[in-house]
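Now for the letters of each chain:
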Amino acid sequence: GRGSRSTQEPGVTVSLWEWNWRSVARECTDVLGPAGYDGVQVAPPQNSLKRTALGNGSDTVLHPWWEVYQAVSYDLTSRMGTEAQFKKMVKTCRRAGVKVYVDAVINHTTGQGSTSYGGVDYTPYRYDGLYGPEDFHAPSGECPSSDGGIQDFNAKAQVWNCNLVGLEDLRTGSDDVQAEIAGYLNKLIRYGVSGFRVDAAKHMPPRDLDAIYSRLNRTKDGVKPYWSLEVLPGGPGVLRPEAYLRSGDVLGVDGARQMQQAFKSYTADHTGSLSSLEVFGAAAGLTPSGKTVSFVTNHDSERNDAGDYLNYKDGATYVLAHQWLLADGYGSPQVYSSFAWVTKDDSPPARADGRITDAVCGQGWTCVHRDRGIVAMVGWHDYVGAAKRVNFWTDDANVVAFSKGNRGWVALNNGTAPKEVRVQTGLPGGRYCDVVSGAEQAGGCTGTVVTVGSTGFATVTVPAKGVVAVTRASRL
Ligand code: AAO
């Protein structure tokens, strides 16, 4: 396992999923650094499939978002830009104090097509100068299913050795394959990348992930790279996120689902209300806070057919859920910000040849990470640090309030009407400026002032779908 090797928690990150490199660089300098985001996660930068024709049936999108999950080579010419642009982006972000995390597609190569964004051509299981049939499980006779694909997601040998939705599954146990993958990741580290989201990590045994990780160099900050594994829940113990915790941190998909239930599935008996989040995190059956990347949604869950997760279409509720996660502080919170879509396969705004155009907020890009209320809570999260959640209060419906040690206090209202509460803030008496509705200016406050009495109690009106948050530092 990753064991005791020194690494770094990523802090608060934003996933600028499928933003092109030029736009990520600009955003690091203009927005992310100043707002206090610690890091940015970007989409898979390796060369990928570039489709030349529509598939069969109801296929209507030539360049669906998922082209980038079909690796063709480890050159960095992609839908998001060139290798030079990628390098420059990482440098610019680091200069702005923002670390860069990469979505690493290392479990498989492509599963269709023959042409790529980087101009490299290929045929099934043959990638010139990189991989041949001997580097894949199926042609090596190591996948036990009848058609080479994963038919049973509960069968370990299939999940590890067969093709996930037709994607050619690499023999990640082999020395040659591990050397190619580590070569790719070490190149990214050399460019200044701080860590990885390992795509489809559930489809590799922990021992293979450990072997690859052990080949990785230290980052520019002198620590081993951050390593978060995409291991979705479901299946037997050996395939569950918990089984991978010795090898890395994991993505908190179950937490995202619990948030959706609390924020959206309000029922008369309050079982699905915001108050239910009084118990969240490990106590609610989730993976340990220090081992989890937490989020409201990601690029897969936002497209979930059953609507089990919130997404940008939930508007104010989506923003509020991010604010709640930043306030609660479970895991390493990751804000999700990407493009608006109508059908599941939709491409991000792009040129006809599939190359993604510069991100313009409001013109196809949601830019939820720029929301004033979210940015305010990034700062609040940073200020209260690891202080314990205390003084929890709820109306047993859709308003909750709590302190973080004696560093800060917050109240959130998921109801559709403002609500007046009288609660213990845990703060010394005085007047405090609400960092969500305003800011301190010339000794005054441009927003709501929270008056805390000598016993720590305050009477506060929490806006509908809104937040009031103060810290010791926002005392007037
Ligand atoms: C595309 C086409 C395919 C074509 C293929 C190859 O759509 O028709 O065959 O190309 O030509 C993305 C897209 C795919 C796309 C692919 C490649 O989503 O549609 O295929 O790019 O372009 C499993 C994996 C997990 C994976 C997820 C989608 O375990 O790793 O499927 N996620 C990542 C990425 C994803 C990407 C890939 C992997 C591939 O984030 O964007 O695919 O690089 C259960 C199982 C999970 C399983 C899910 C979904 O989870 O346990 O292992 O994930 O189902 O199938 C509850 C349930 C739990 C369930 C969970 C999540 O908790 O209890 O059982 O919800 O729904």
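Residues numbered from 1 in each chain as written. Predicted model: local features only at pLDDT ≥ 70, side-chain atom pairs only at ≥ 80, totals over all residues. Heavy atoms only, no water.

Colleague: Break down the overall build of the chain for me, citing the residues and quoting the values.
Modeller: The helix and strand tally for the chain stands at eight helices and 20 strands. Each principal axis of the C-alpha atoms in the chain carries an extent, and together these give about 75 × 50 × 45 Å. Relative to its full complement of 476 residues, the chain shows a buried share of 55%. Nonlocal contacts in the chain, meaning residues at least 24 apart in sequence, comprise 72% of its contacts between residues at least 6 apart. With an accessible surface of roughly 18,000 Å², the chain has 49% of that area assigned to carbon and sulfur atoms. Averaging the locations of the 47 positively and 49 negatively charged side chains of the chain gives two centres separated by 7 Å. (Helix = DSSP H or I, 4+ residues; strand = E, 2+ residues; numbered from the N terminus. Buried < 20%, exposed > 50% of the residue type's maximum accessible area, 1.4 Å probe, protein only. Contact = heavy atoms within 4.5 Å. Areas by Shrake-Rupley, 256 points an atom, 1.4 Å probe, with all protein chains shown as cover. Lys, Arg positive; Asp, Glu negative; His and termini not counted. Charge placed at Lys NZ, Arg CZ, Asp CG, Glu CD.)

Colleague: If you had to explain the pairing of strand S12 (residues 399–404) to someone new, which residues and values would you point to?
Modeller: If a strand is regular, its side chains alternate between the two faces of the sheet. Counting buried positions along S12 gives six out of six residues, so the element sits mostly inside the fold. A two-sided burial pattern is seen for S12, the buried positions comprising Val-399, Ala-401 and Ser-403 on one face and Val-400, Phe-402 and Lys-404 on the other. One ladder, built from four bridges, connects strand S11 (residues 389–394) with S12; its direction is antiparallel. Looking at the pairing, Arg-389 lines up with Lys-404 of S12. Hairpin geometry of S11 and S12 is characterised by an intervening segment of four residues between the two adjacent antiparallel strands and by a positive phi of about 65 degrees at Asp-396. (Pairing = 2+ DSSP bridges.)

Colleague: Please provide a residue-by-residue account of the sheet that holds S12, values included.
Modeller: The four strands lie next to each other as S11-S12-S13-S20, forming an open sheet whose pairing is antiparallel. Where the open sheet ends on each side, the last strands, each with one partner, are S11 and strand S20 (466–471). In this sheet, neighbouring strand axes are inclined to one another by 10 degrees on average, regardless of whether the strands run parallel or antiparallel. As paired strands, strand S13 (residues 408–413) and S20 are joined by six bridges and run antiparallel to one another. The residue of S20 that forms the bridge with Asn-413 is Gly-466. (Axes fitted to C-alpha atoms, helices over the stretch in contact; angles between N-to-C directions.)

Colleague: So what about the confidence of the model for the chain? Which residues, and what values?
Modeller: Taken as a whole, the chain shows an average pLDDT of 96; of its residues, 97% reach a score of 70 or greater. Confidence, expressed as mean pLDDT per element, reaches its minimum in the chain at strand S16 (residues 440–441) with 92 and its maximum at strand S1 (residues 13–16) with 99. Of the regions scoring below 50 in pLDDT, residues 1–6 engages in 20 contacts with residues more than four places distant in sequence or in other chains. (pLDDT = per-residue confidence, 0-100.)

Colleague: Explain the environment of Thr-115 to me, and be specific about the residues and the numbers.
Modeller: Position of Thr-115 among the secondary structure elements: in the loop between strand S5 (99–104) and helix H3 (156–161). Thr-115 sits in the partly exposed class, given a relative accessible area of 24%. A sequence separation of 226 residues divides Thr-115 from Trp-341, and the C-alpha atoms of the two residues are 26 Å apart. Discounting residues that sit within four places of it in the chain, Thr-115 has contacts with Ser-48, Leu-49, Lys-50, Thr-52, Val-120, Asp-121 and Tyr-122.

Colleague: Which residues make up the state of the cysteines, and what values do they have?
Modeller: Scanning all chains against the criterion turns up four disulfides. Residue pairing for Cys-28: its cysteine sulfur links by disulfide to Cys-93, the two sulfurs lying 2.1 Å apart. For the disulfide bridge between Cys-28 and Cys-93, the dihedral angle about the S-S bond is near 90 degrees, and by the sign convention the bridge is right-handed. With Cys-28 in helix H1 (residues 21–35) and Cys-93 in helix H2 (residues 83–95), the pair connects residues that are 65 residues apart, well separated along the chain. Take Cys-28 and Cys-93: they sit in the same class, and that class is buried. Linked covalently through their sulfurs, Cys-433 and Cys-445 form a disulfide whose S-S length is 2.1 Å. Here the S-S torsion is close to 70 degrees, and the disulfide linking Cys-433 with Cys-445 is therefore right-handed. Here the residue Cys-433 occupies a position in strand S15 (residues 430–433), and Cys-445 occupies one in strand S17 (residues 444–445), the gap between them amounting to twelve residues. The connectivity of the disulfide-linked cysteines in the chain, indexed sequentially, is 1-2, 3-4, 5-6, 7-8. (Disulfide = S-S within 2.5 Å.)

Colleague: Describe the site of the ligand, listing the residues and the values that go with them.
Modeller: What surrounds the ligand is a group of 22 residues, the closest being Gln-112, Val-165, His-203, Glu-230 and Asp-300. In the model, an oxygen atom of the ligand is placed 3.0 Å from a nitrogen or oxygen of the His-108 side chain. Asp-199 is positioned such that a nitrogen or oxygen atom in its side chain is 2.7 Å from an oxygen atom of the ligand. Relative to its unbound accessible area of 1,100 Å², the ligand is 70% covered by the protein chains. Residue composition of the shell around the ligand, grouped by class: nine nonpolar, seven polar and six charged. (Near = heavy atom within 4 Å. Polar contact = N/O pair within 3.5 Å; in protein donor to acceptor, adjacent residues only side chain to side chain. Nonpolar A, V, L, I, M, F, W, Y, C, P; charged D, E, K, R; others polar.)

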